[in-house]
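Coordinate analysis (summary)
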Amino acid sequence: MEKIFCARHYSHGSLDLCTGHYRCLIRSGEGLLHLYGRGSRYADLIFVPDAGVSPEPGPFQLELEREDFCGETDRLKLVCRCGDSVRSEITFFPDRIEFKAERTGGAPILPEAFHLGRGSKLFSDKLFTPGWPDRTLPIGHYLRRQEPIQLSPGLMSPPPWCFAAQQENGRWMGFELEPEEEEFDFYEFDSVPGRDHEFCWSVGYGGCKAACSRLSAPALVLRFDLEDEYEVFRRHAETIVETGRFRPVVRSAPSWHRGVALCGWRFQGSRQDFCTQANYEEHIAYFQEQGIDFDTVILDDFWGDPRRHGIWKCDETRWPDLRGFVEKRHAEGRHVLLWVCTYGSGLPEEELLDGTMQNLDSPAWRRRLREDAHRMLSADPGCYNADGIKYDFTALLPRKPGCCSVCGVGYLRERFRVVYEAMTAVKPEALILCQSVNPYFTPWQSMIRLNDFTALPCHGLEEMRIRSRIAQASGYGLPVDPDHVSFGAFSYRGGYDFFREMESLGIVSLYLNREDIADPEFREIIRSLVRRNIQRRRG
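On a predicted model such as this, the values are computed, not experimentally measured, just so you know.

1. Observations concerning the pairing of strand 27 (residues 388-392)
Within strand 27, five of the five residues are buried, leaving the element largely enclosed by the surrounding structure. In strand 27, alternate side chains face the same way, and those of Gly388, Lys390 and Asp392 on one face and Ile389 and Tyr391 on the other are all buried. In terms of strand pairing, strand 24 (residues 335-341) meets strand 27 through four bridges, oriented parallel. Bridge pairing links Leu338 to Ile389 in strand 27. Judged from the three bridges that link them, strand 27 and strand 28 (residues 431-434) form a sheet pairing that is parallel. Directly across from Ile389, in strand 28, lies its bridge partner Ile432. Between strand 27 and its parallel partner strand 28, the chain crosses via helix 6 (residues 409-426), and the hand of that crossover is right-handed.

See the structure below:
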């Protein structure tokens, strides 16, 4: 078992602490933690144990034990008194350092952010963020220290709350946020760079949280000596289990969950009139004629009334016999997923929040959710008997303080939970496809979707490699849907290697139209890809 080797001198306020992963020096009562990765000649980080709701550093006093100590220990804790009624603790472990800050009282405030480590200095100039950039280019994950990182719900809802920085010795350090069960009231985890290497971390509340006197920020974890920029995600997922902050759910899933999926979005796009039963039947028949098999078909947006996204019911003018369509796929040995989203259009006022999304506090909406789940997935007469859902636009959450009993990312977790439980109560083996790469959200999804890519297809493979590695490190073994690398009607030309390498990224996920398959080279790539996976899964 790893140990901490420590020499603490109370008389002149110094500390020399060493583990197999990092070294920490506190010099002459200054209260600053000079942190070195293993083998680093210079400090990689000077950490200041200050915290508060203002980004400006304030007065702080680090309290050392009143007796000298030299020897081995499993952990060591220091307490710091900051301004504005804030108390912080630093706990050293052999493999990491945890910083916990809490505002213990004072006048009620409407918090925008809780800033951790105010006045710290980071000497790395190469950072890596898991947040999907707006234009989803692979180079967007690597940043300079001066570029702020913002980990908020978006294409990933949410991404993992951690990022990495390269140490002076070439290895990596990680910065992670590890909330307890009652601390999911925040919106984002950010970096706040300043001048002259100044750097701090911010837990943003984004207008979600109501006024309060006491405020407890999730633990900020500092980790050193990581092999590469991806190890921070694996260790984050492991540590929140080891510390008891999270308990993963391990389920067995039917083999078809990992089968070949054919999604209709590229075929239909945003053209509402293309999402019809007749068009999907023709689409499927065309792929069969081309020798392209699949296990699951996903009916994307507009199988319901596009003016009523909050009502999960088919539009019978375009889908006159959805149950018949599903049963035909079942007879073929296939499965069907139905696209749904978080928009509340069409719902009564009492079931809405901010006029746009579902009200989790509404008993009427929860009753509607159970009824919708039964209609969509049950084999009872009058139901569709589908096999799961593709759950989209899951970043939507209320930004009005006090409008719901849960706020911030806690609202997202609760919505994931109630939707997952409603669907699996009807059909336990249902596939729930969601776009969250955060380990805290894994209990309420069956598969992680890597979501849209909106840049040039030739850049898509590298971007999806990055996303997939993060998902596989964070997802406790959940299968991964690599989605696509050609948004809208862009040609896949130049992006064929994405499909050649797709099996290393996750399941085989086909977003295709007839124009794609008309290219002989591309058609043969898809045929070979599908043939290998169908034969492998079906034995």
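After presenting the structure, the write-up continues.
2. Looking at helix 1 (residues 231-242)
A rise of 1.5 Å per residue sets the reference length of helix 1, with its twelve residues, at 16 Å; its end C-alpha atoms lie 16 Å apart and thus fit the reference within 8%. For helix 1, the complete set of buried residues consists of Glu231, Val232, Phe233, Arg235, His236, Ala237, Thr239 and Ile240. Buried residues in helix 1 make contact with strand 11 (96-103), strand 13 (127-128), strand 16 (162-166), strand 17 (172-178), strand 21 (219-226) and helix 7 (460-474). In the stretch just after helix 1, Gly244 is the one whose phi turns positive, near 80 degrees.

3. Quick look at helix 7
With 15 residues, helix 7 ought to run about 21 Å at 1.5 Å a step, and its terminal C-alpha atoms sit 21 Å apart, in line with that. Lining the buried residues of helix 7 we find strand 13, helix 1, strand 29 (447-449), strand 30 (480-481), helix 8 (496-500) and helix 9 (502-505). Looking one or two places after helix 7, you find Tyr476, whose phi comes out positive at around 50 degrees.

4. Quick notes on the packing of aromatic side chains
Scanning all chains against the criterion turns up 35 aromatic pairs. Aromatic side chains Phe175 and Phe199 sit 6.5 Å apart centroid to centroid with 40 degrees between the ring planes, which places their arrangement in the tilted category. Taken together, the residues span a long stretch of sequence, with Phe175 in strand 17 and Phe199 in strand 19 (residues 198-204) at a distance of 24 residues. For the residue pair Phe175 and Phe199, the accessibility class agrees, reading buried in each case.

Rules used throughout
Residues numbered from 1 in each chain as written. Predicted model: local features only at pLDDT ≥ 70, side-chain atom pairs only at ≥ 80, totals over all residues. Heavy atoms only, no water. Buried < 20%, exposed > 50% of the residue type's maximum accessible area, 1.4 Å probe, protein only. Helix = DSSP H or I, 4+ residues; strand = E, 2+ residues; numbered from the N terminus. Pairing = 2+ DSSP bridges. Right-handed = clockwise from strand over helix to strand, strands pointing away. Expected span 1.5 Å × (residues − 1). Contact = heavy atoms within 4.5 Å. Phe/Tyr/Trp six-rings, centres within 6.5 Å; stacked < 30°, edge-to-face > 60°.

By themselves these figures say nothing about function.
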